[in-house]
Structure formats: C-alpha cells, structure tokens
Amino acid sequence: MRWTKTFIPTMKENPSDAEIPSHQLMLRAGLIRQLMAGAYTYLPLGWRSIRKAERIVREEMDRAGGIELFMPALQPIDLFERTGRKQAFGNVLINFHVQRGDRKVHLALGPTHEEVITDLVGRHLNSYRQLPICLYQIQTKFRNEERPRFGVLRTSEFIMKDAYSFGTDLEQLNDVYRQMYSAYCRIFARCGLTYLAVEAESGPIGGDASHEFMVPANNGEDRIVHCAACGYAANLERAETGRRSGSLMSPAGAQAIEKVATPQATSIEQVSRLLKCRPQQMIKTLIYKADGKSVAVLIRGDHEANEAKIRRALGVQAIELADQKTIGEVTGAPVGFAGPVGIQCELLADHDVAAIANAITGANKADAHLTGVNLGRDYQLSATHDLRMALDGDPCPKCQAALKLVHGIEVGHVFKLGTKYSVALAAEFLDEKEQRHPMVMGCYGIGVNRIVAALAETSFDENGLIWPLSLAPYEVLVIPLNVNEQETMSLAERFYAELTESGIDVLLDDRDARAGFKFKDADLIGIPLRIVIGGKGLKEGQVEIRWRWEAQAVKVPIGEAISAVREMLVERRALEAARVPA
RNA sequence: CGGGGCGUAGCUCAGCCUGGCUAGAGCGUCUGGUUUGGGACCAGAAGGCCGCAGGUUCAAAUCCUGUCGCCCCGACCA
C-alpha cells in the first residue's frame, strides 16, 4: 500500500481525553477514532491488525477442532427470558422494540450467544453420535457499559470470538476444554502477548472449571496474583493464600481484657487513630446475612474480606452485609462496634485473626471497644479459614514462595458451563440406551480487539508502538527519503513491487515530506522492519534496514537488499514461532 | 447512578475570575518560494453558531439556570 493512497491520520500531540498508553498511541498512530463514549472506528491501520489477530484466532480454533459459523447480533428477547438472563444482564443488555406492521417486536443486541447457539444445537443435534461438537464465530458483541473507559479496552461494542462446546458428559467437556485451553495459549503467544492463564471463579462446576487469560499491564482492570516460583496464578477473587501460622489458644503474654471509650469511632481507621494502635492489632467484625442466617466474620483490621471465600466456607448460595437492624439484634450495638466477645451468632474467622495477641475489637456496645482480647480465653473458634483477599507478598498456596499482585487485561476466558443453558433451552440428546440428557456445555471467549489493545498497552517506547510481525498492520515500511529524486524513487518502487510480490505486507511512504517527519511517523506506527533509501547510502550503493526495536540499522548493498529483507523476516518469524507452545 | 474535571479552529491550548474594539497562539491544512537524513524556514490564505437552549445586561466566550457531550475516581460489569 502507498501511504498517500490510504488513510493514516497520525497526530503529533496526545489528545487530551486519552490517558493510558494504548489509547494515546492507537489514536496518535491513526489506528482508531472515537465516535462516542464506548464506540470506536477502526481506521485502515487498526483494522489490518484486527484482521491479523482474527486470522490467528481462526487458524488455532480450526486446528483445535472448532467449526466456524456466524450468528445474528439481533436476537429475540424471549430467548433471554427463558434463561433468566434478561434479568441477570439488566441494563447491560441492549434491547428495544421495533415496529413490524401493527405489532411491536422486542429485540436485543447479543451480548454473547449462549442462548442462540444452544437453541440452534438443541433443534438440530439429537444424538450422542453427533457429539461432541465445538462451534465458534467471530462477531460484534453489544453490552451497554454504564461507564465505558480506557479507550478501546472497555467499550459497549466489541469484537469477540465466542466458541461453544456441546458434549454428552463431563469427560467430553474436559477434553474440549483442554484443547481450547491450549489453543488459547498458542493464540496469545502467536500474537506476541505476555500472558498468564489464571484460575477464575467457576460457578456451579467448581474446581478448575474456569480460567482467564490475562495480559499483565498497569492499567488492567483486573487484579491477579502470580507466583513466579511455581507458576500459580489466579484472579484476586479466587486467589488462595498459603498456610499461615496461628494457634487457637491464648498466647502466653495475654493482657487483661479492658473496655475503653471510643465515642463516634466506628471505622478501623478512626479507632486506630484514637487508641494509637495499628490496624494489624485490630479485628474487624463483619456481620453477614448468609442465606438468611446471621454470621459474624472476623478479619484482621488491615485486611479485606473476600465474599466468594466466605460463601464457600459457609457452603451457602448468597451472602450480603447485614442491615442495621440485624446488626443491632446480633451485637446489641449500633453499626461500628461489633466484636467477637459475647456475640449472638455463628462466628467465622480468617487464619490471620487467630494470630493476633491482645487484639482490639468492638465491645458490642455503643461507643466502646475492647483491648487485650485473646482467642480461647475471650472468644472461641473451632477452626479458622482463608477468608480474605490475597495481598502482595502472601505465601503461595502451592509452594509458599511470595505471591506477586499485579493488574491484568482479560483477553480470554474459558469456562465449563455444565447444563445451565441446555436445561433451560432443552438442548438434549439421546444416549445409546435411548435415554434423554441435557448436553454438557463449555464456552470460550476471546476479545479480539482487546488483543490489539493489550498489545498496544504493553509494547511501545517513547517514540511509539512496537508491533510483533504477527499483528503488524504492515511488516515492512519502505521510506524513500526524497520522492522527487528519481533514483531514490525508482528503487523504492522496485522494492515495494518485489517484496509485495513475494507475499510480504509492505507500506511505501511515498509522501513528499522531510526525512525527520517520515522517521517520526515510522516510529509512531511501529512497523517492524524499515528500509530507508536515500542520500548518503545511495552514494555508497547501499540502503539501510532496521528493526523498529533495534538502535542500529544495517547497511546492505542495493543488490542484496531484497533477499536480506526476506531472510530477516524468515528469521524473525521463526523466532516468534519458537515462543508458541506445541 | 454518586463524586470530580472539561467543552473556544482538524489537534494542543490561552482568553472567562474582574462582561466592552473585528475572539487569539502553536501545530496541522492550502498557495508561492527557499530547503531536504530525526516532526524546517519565509510570505500569504482558508478555517469558529466560543457544545446547545434560555435568562440577566445597553452589551455575554466571559455572569446565572437548564441541558447535551466527553474524560477521570467510585458503584456496576454474563
């Protein structure tokens, strides 16, 4: 492609409403433009990268046995009513009425396609002989984001690869799941992303039923813990922490329990300031309603409760923080003064609470706290649990090394669904004994445009983007420094023609502009390999070839330039391929 | 939906507090010339419903009210 014939509106300055690198760079390099909050146009350069990511996704899905189809974004609302997800999605589901003759039809724009595909498969596949099957599509999804943000990382309309597997049993599901998991590893590796496959909240199936693929990045919305020593990785919601010491007995140097006045001091921060103690010395007592029953949960003052862990420890469906009235009944005090001593409900404690000697807690009495509270003497526990959010530096649950807490961008998610949708939408099959069963499903999503955004967010320098060959809009940029010089230009045209001829994606910067101007743009858009033709080099019969990430160009005799470029690309592709797991 | 910030030329911004000549600068665009290896220089030109609506005033980019949009923090996010 010739630069003057395409559309690459680069910008010298950062637009004022872009704050994170991917947003700034994608705007400046002419990859995207905003239409409104949460909706972006992909300009020619950005779209080429998306298409390359799509191609990689397709190749790997096909390789893993996926079958591509294409489903409508427009969907009848009743499908969502039948699975209860109209309610569950709430405001996220974009839905509206259209007039058709004298009736109104209620439609939704698909936020995902479990309903459509399950309905389809349920109608047309009926036998165990036809299973398992894994169907996928690459398609635009719509989700009304209450607050779109971070440029193209969180939008209301985005491109997603969604795959759905249908099998007869858990074994078939596990089999497809494993194949999808490894296909995802290959996809993200081929795209040049640094990623982690992390354990995620897995719903009804439990165990290893869900993994998210995360690209570590400071501006990622998700938080994940990672153990560099053994490779354990999990999202923060899910992350366990390793063994921590703690005896259920009173320590040797136990002080006497004492009631102190703490008027108006209801938060950990206020009490610690008032009593001049550290939050680590305090016990936070949270009153929850767990399936309707009141439970007090003890967490160390400086820690944060993890409700998913509490729910699992209690073995209940749903928990929520109790209201004022319940707290009053259980503690006999207003909110902010709860403590374990003498409390009137079940008591659950995090491991770290047991290790606090002479703790400070609420007194279950207005405007009062207790000091010198000790486990065993002042309150009892039959056991402690892992109930809090993991912290940076916590011991790894697998190997006890220190966990790292990092932010991440979710680019993919694989999930064992089970029979939720097949039951709701009657996707059933007959087994060899002519018995009816709901199909066992899995779903597997990749945010295709997030792949590109995540790459932009993590691969750049002060001059601009740095693409891997696999996603680069063009692999080679040919820069004739002076387009008015005939020798320069005819050479550039020859390189352009011959390289394009051999299947390489080449961009020719045929703009009549100064050298420095072209170099700045070249760095900004980040094409991996650059060939500079002009002035000094030509006099010596040479051109310069330089990788975007190298400081130095290599000078190559004109006659050898094309074969040199081909060789460099072959070598580089091999290097990128070597990072892809088998 | 709660909190904060911002809407002036394609982009970055000044002017607003304290109302008053024809609304400004840099970058970009166009014309002509000089230049030509890291975002050149000179001369000229085009480009503005100062987000929109209403109000106050002799007079509003500027003050007031409303409204729309965008960004950030939080809540939410199968």
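Please refer to the structure higher up on the page.
These notes cover the structure that comes with them. Within each chain, residue numbers correspond to sequence positions counted from 1 in written order. Labels are handed out in written order, letters beginning with A for the chains and numbers beginning with 1 for the ligands. Note on the predicted model: pLDDT of at least 70 is required for a residue's local features to be given, and 80 or more for side-chain atom pairs to be given and counted; whole-chain, interface and lining totals, by contrast, use all residues.

### Quick notes on the nonpolar core
Here is the rule we go by: To define a nonpolar core, we join buried Ala, Val, Leu, Ile, Met, Phe, Trp, Tyr and Cys residues through C-beta atoms within 7 Å and take the resulting set. Exposure classes come from backbone-placed C-beta atoms, where a residue is buried if 20 or more other C-beta atoms lie within 10 Å of its own, exposed if 12 or fewer do, and partly exposed in between. A pair of residues counts as a contact when their C-beta atoms, built from backbone coordinates, are separated by no more than 7 Å.
Core analysis: the biggest nonpolar cluster contains 114 residues, and Val411, Val476, Val478, Ile527 and Ile531 have the highest contact counts within it. With residues up to four places along the chain from it excluded, the contact list for Val411 reads Phe188, Leu193, Tyr195, Phe213, Val215, Ile446, Gly447, Arg450, Ile451 and Ala454. Ile299, Val330, Phe337 and Leu348 belong to the second largest nonpolar core, which has 32 residues in total.

### Re the protein's contact with RNA strand B
Which entries qualify depends on this criterion: For each residue, a C-beta atom is placed from the backbone, and the residue is labelled near a molecule or strand when this atom is within 6 Å of it. In DSSP terms, a helix is any run of H or I states spanning at least four residues, a strand is any run of E spanning at least two, and both are numbered starting from the N terminus. Residues are grouped as follows: Ala, Val, Leu, Ile, Met, Phe, Trp, Tyr, Cys and Pro are nonpolar; Asp, Glu, Lys and Arg are charged; every other residue, Gly included, is polar.
Near RNA strand B there are 41 residues, and of these Ser16, Ala37, Ala515, Gly516 and Gly535 occur at the shortest range. Of all the secondary structure elements, the ones that give two or more residues to the surface near RNA strand B are helix H4 (85–89), helix H14 (515–525) and helix H15 (535–539). Here the element with the most residues in the surface near RNA strand B is H14; it accounts for eight residues. Of the residues belonging to the surface near RNA strand B, the class tally is 16 nonpolar, 11 polar and 14 charged.

### Observations concerning the packing of helix H2 (residues 44–63) against helix H12 (residues 448–458)
The relative placement of two packed helices is expressed as an angle between their axes plus a distance between the axes. Defined as follows: Axis lines are fitted through C-alpha atoms, for helices just across the contact stretch, and the angle between N-to-C directions can take any value from 0 to 180 degrees. Between 65 and 115 degrees an angle is taken as roughly perpendicular, under 35 as roughly parallel, over 145 as roughly antiparallel, and anywhere else as oblique. If you view the pair so one helix is near and one far, a crossing is left-handed when the near helix is turned anticlockwise from the far one by less than a right angle, and right-handed when it is turned clockwise.
In contact at an axis separation of 9 Å, H2 and H12 are set at 120° when each is read in the N-to-C sense. With respect to their mutual orientation, H2 and H12 come out oblique. For H2 against H12, the interelement crossing comes out right-handed. Judged by residue contacts, Ser49, Ile50, Ala53, Glu54 and Val57 of H2 engage Val448, Asn449, Ile451 and Val452 from H12. Taken together, the residues of the contact of H2 with H12 break down into six nonpolar, two polar and one charged.

### Observations concerning the sheet that holds strand E16 (residues 319–321)
Put simply, the test is: A strand pair is defined by DSSP finding two or more bridges across the two strands.
Overall, mixed pairing links the four strands, which are arranged E16-E14-E15-E17 in an open sheet. Strands with a single pairing partner mark the edges of an open sheet, and in this sheet they are E16 and strand E17 (346–349). Taken pair by pair, the neighbouring strands of this sheet meet at an average axis angle of 35°, ignoring direction. In the sheet, strand E14 (residues 283–290) pairs with E16 via three bridges, with the strands oriented antiparallel. Paired with Lys289 across the bridge in E16 is Glu320.

### Digging into unusual backbone geometry
What you tend to see is this: most non-glycine residues have negative phi, and most peptide bonds are trans. Residue Pro132 is reached from Leu131 by a cis peptide bond, and omega for that bond is 0°. Inspection of the secondary structure puts Pro132 in the loop between helix H5 (114–124) and strand E7 (133–142). Unusually for a residue other than glycine, Phe150 sits at a positive phi of about 55°. Mapped onto the fold, Phe150 is located in the loop between E7 and strand E8 (157–167). The exposure class assigned to Phe150 is partly exposed, which follows from the 18 C-beta atoms found within 10 Å.

### Description of helix H9 (residues 324–331)
Definition in use: Arc definition: directions from the helix axis to the C-beta atoms.
Within H9, burial applies to Ile327, Val330 and Thr331. All buried residues of H9 lie within an arc of 80° about the axis, which places them on one face of the element. Those residues of H9 that are buried are in contact with E14 and strand E15 (293–300). Of the residues one or two after H9, Gly332 is the one with positive phi, at around 75°.

### Considerations on the pairing of strand E29 (residues 542–547)
By the bridge criterion, four bridges tie strand E28 (residues 529–533) to E29 in an arrangement that is antiparallel. Each residue of the ladder has a partner; that of Arg530, found in E29, is Arg546. Where E29 and strand E30 (residues 554–557) come together, four bridges link them in antiparallel fashion. Residue pairing in the sheet places Gln542 in a bridge with Pro557 of E30. The turn joining E29 and E30, which pair antiparallel and follow one another in sequence, is formed by six residues.

### Quick notes on the environment of Leu27
By the secondary structure assignment, Leu27 is in helix H1 (residues 21–28). It is 29 Å that separates the C-alpha atoms of Leu27 and Cys185, two residues lying 158 residues apart in sequence.

### Examining the sheet that holds strand E19 (residues 368–373)
What the three strands build is an open sheet, ordered E13-E19-E18; its pairing is antiparallel. Of all the strands in the sheet, just strand E13 (258–261) and strand E18 (359–362) have a single pairing partner and so form its edges. Each strand axis lies, on average, 30° off the axis of its neighbour in the sheet, ignoring direction. As paired elements, E13 and E19 share four bridges and run antiparallel to each other. Bridge pairing links Lys259 to Leu370 in E19.

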